[in-house]
Amino acid sequence: MTAFIPYGRQDINAADIQSVIEVLQSDWLTQGSATVRFEQAVAEYCGAKYAIAVSSATAALHIACLALGLGEHDYLWTSPNTFVASANCGLYCGAKVDFVDIDPNTYNLSIDQLEQKLSKAAQLRCLPKVLVPVHFAGQSCEMEKILSLSQQYGFKVIEDASHAIGGRYQNKAIGCCEFSDLTVFSFHPVKIITTGEGGMVLTNRDDLYEKLIRLRSHGITRNPDLMQGEVHGAWYYQQLELGFNYRMTDIQAALGASQIQRLSEFVTRRRFLAQRYNHLLQNLPLTLPYQNIDTESSWHLYVIRLNLDKISTTHCQVFEQLREAGIGVNLHYIPVHTHPYYQNLGFCWGDFPKSEMYYESAISIPLYYGLKEKEQDRIVASLQGILR
Ligand SMILES: *Cc1c(COP(=O)(O)O)cnc(C)c1O
């Protein structure tokens, strides 16, 4: 039996391992100098002023929303074609969540839909406070248009770039925050670089940086300038707001600091494999990933759409047959509004038809740095056999 090929996986080399060992042999395991080193490396790579490492992208999204003041009676809007965390962060803050349907070509949230929804919401006086555009599969959303709408309608923007570190938009690194208030990355093992679990928030704004630093660690400050009343002594700290323990350990950050040095190599390989898929799959009854000209994807995912009117098998059958052939296909994403939890909030099937239509024919096929060309050929051959 041939080996199982997962849809995504990490790549850890000797330098990555050595970097972690050095922390394990040191005196300091929790957030410390390795975390600072990792933050600086990511900020520099992306061209952002600040980077704040946290325990996950979910934590990053949560404190990003809080830093922008999202709360009860506010709205957060995001794409239905995302992981639930992009929406849940709004609910954590007591806000209401709503969705903007997707562009059927890029699978990112549609700018046309966004414009229409904003214009309606302005009349009804229920404009969003925060928009979370998700750079699906690593391809940037149309951030220039989003920025201009955010200025027109007065909402804030958090880029969910969990898929997209190493990607570019208008020749700038995703994460530069030129078109948004904040950008969030994930370092889960299936993403582009990993820290085991981990996330990061980037921003160019001094005020948001100060808030994020506090929210990451219980709302506590040790900076006398920020304290109220008298400073009791060298031991003294004050809790100024309700924060969390969302810190990253130095063990994780050491892995991240080593991995980010390999980021360009990772993305180059992913791009090569994606182009190879484009070529090898071009004559099959599939819709292949569409790329806007001003984006360079990090290629977190390679999503194929089955042209169901041209084949005799169903979406489920193709998916199952690929899994039976030892190919770890996946489906990104179940439209968030269709989960029972969101249906209980009042959403239903039919609310965001483009994302639901996408869901009926999408399959993510394996794509990761260590995927061999031979394995890719096996995936293509399986698809050819199943779709014939
Ligand atoms: C992975 C992912 C997250 C959550 O990341 P964690 O680091 O696992 O919390 C959020 N949004 C998107 C789009 C993701 O893919």
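Everything that follows concerns the structure shown earlier in this document.
Reading guide: rules and limits
Residues numbered from 1 in each chain as written. Predicted model: local features only at pLDDT ≥ 70, side-chain atom pairs only at ≥ 80, totals over all residues. Heavy atoms only, no water. Near = heavy atom within 4 Å. Polar contact = N/O pair within 3.5 Å; in protein donor to acceptor, adjacent residues only side chain to side chain. 1 Å grid on protein atoms, 1.4 Å probe; cavity = no way out; pocket = protein on both sides within 12 Å on 5 of 7 lines; lining within 4 Å. Sits in = over half its atoms within 2 Å of the grid points. Helix = DSSP H or I, 4+ residues; strand = E, 2+ residues; numbered from the N terminus. Nonpolar A, V, L, I, M, F, W, Y, C, P; charged D, E, K, R; others polar. Pairing = 2+ DSSP bridges. Axes fitted to C-alpha atoms, helices over the stretch in contact; angles between N-to-C directions. Contact = heavy atoms within 4.5 Å. Expected span 1.5 Å × (residues − 1). Buried < 20%, exposed > 50% of the residue type's maximum accessible area, 1.4 Å probe, protein only. Arc of directions from axis to C-beta. Points joined across faces, edges and corners; volume = space filled by probe spheres on them. Right-handed = clockwise from strand over helix to strand, strands pointing away.

**Q** Outline the site of the ligand, listing residues and values.
**A** The environment of the ligand is made up of 15 residues, and the closest members are T58, D160, H163, S186 and K191. Between the ligand and A57, the relevant distance is 2.9 Å, taken from an oxygen atom to a main-chain nitrogen or oxygen of the residue. Taking D160, its side chain carries an N or O atom lying 2.8 Å from a nitrogen atom of the ligand. Of all the cavities here, the one that holds the ligand is the largest pocket. Broken down by secondary-structure element, the contributors of at least two residues to the shell around the ligand are helix 3 (57–67) and helix 4 (85–92). Residues that form the shell around the ligand fall into these classes: 5 nonpolar, 8 polar and 2 charged.

**Q** Give a description of the sheet that holds strand 9 (residues 199–203) that names residues and reports values.
**A** If you walk across this open sheet you meet the 7 strands as 1-9-8-5-4-2-3, and the pairing is mixed. If you trace the sheet from one side to the other, it starts and ends with strand 1 (50–54) and strand 3 (96–99), each paired once. Taken over all neighbouring pairs, the strand axes of this sheet differ in orientation by 20° on average, direction set aside. Two strands pair when backbone bridges link them, and strand 1 and strand 9 are joined in this way by 5 bridges, in the antiparallel orientation. Each bridged residue has a counterpart across the sheet, and for V54 the counterpart in strand 9 is G199. Contacts between helix 3 and the sheet are confined to strand 1, strand 2 (75–78), strand 4 (130–132), strand 5 (156–160), strand 8 (182–186) and strand 9, with strand 8 contributing the most and set at about 165° to the helix.

**Q** Describe in detail helix 5 (residues 111–124), supporting the description with residues and values.
**A** Structurally, the α-helix is built with 3.6 residues per turn, so residues lying three or four positions apart point the same way. Over its 14 residues, helix 5 runs 20 Å from end to end, which matches the ideal 20 Å to within 8%, given 1.5 Å per residue. Among the residues making up helix 5, those that are buried are I111, L114, L118 and A121. The arc that holds the buried residues of helix 5, viewed along the axis, is 85°, so those residues lie on one side. Every exposed residue of helix 5 that faces more than 90 degrees away from the buried side is listed here: D112, K120, Q123 and L124.

**Q** I'd like a description of the environment of R247, backed by residues and values.
**A** Take R247: it is sitting in the loop between strand 11 (238–239) and helix 8 (250–260). The partly exposed category is assigned to R247, whose relative accessible area is 26%. Sequence separation between R247 and R216 is 31 residues; the distance between their C-alpha atoms is 6.0 Å. The residues touching R247, leaving out its near neighbours within four places in the chain, are T30, Q31, V54, S55, R216, S217 and H218. Of note is the side chain of R247, whose polar atom sits 2.8 Å from the side chain of S217.

**Q** Which residues make up helix 8, and what values go with them?
**A** Helix 8 sits mainly inside the fold: 10 of its 11 residues count as buried. Those residues of helix 8 lying buried are D250, Q252, A253, A254, L255, G256, A257, S258, Q259 and I260. At its buried positions, helix 8 is contacted by helix 1 (14–24), helix 2 (33–46) and helix 9 (263–280).

**Q** Explain empty space enclosed by the protein residue by residue, including any values.
**A** Counted according to the given criterion, the structure contains 3 cavities of 30 Å³ or more. Approximately 90 Å³ is the volume found for the largest cavity. Forming the walls of the largest cavity are 13 residues, and the residues nearest its centre are T106, Y107, A137, P289 and Q291. Among the residues making up the lining of the largest cavity, the classes are represented as 8 nonpolar, 5 polar and no charged.

**Q** Account for the pairing of strand 2, naming residues and giving values.
**A** Relative to strand 3, strand 2 runs parallel, the two sharing 4 bridges. In the sheet register, W77 faces strand 3, and the bridge partner there is D98. The β-α-β motif built from strand 2, the intervening helix 4 and the parallel element strand 3 has right-handed crossover chirality.

**Q** I'd like to hear about the layout of surface pockets, residue by residue, with values.
**A** When its volume is computed, the largest pocket comes out at roughly 360 Å³. As for the largest pocket, its lining consists of 23 residues, and the residues nearest its centre are F83, S186, H188, K191 and Y333. Secondary structure elements with two or more residues in the lining of the largest pocket: helix 3 and helix 4. Residue contributions to the lining of the largest pocket peak at 3 residues, all from helix 3. Residue composition of the lining of the largest pocket, grouped by class: 9 nonpolar, 11 polar and 3 charged.

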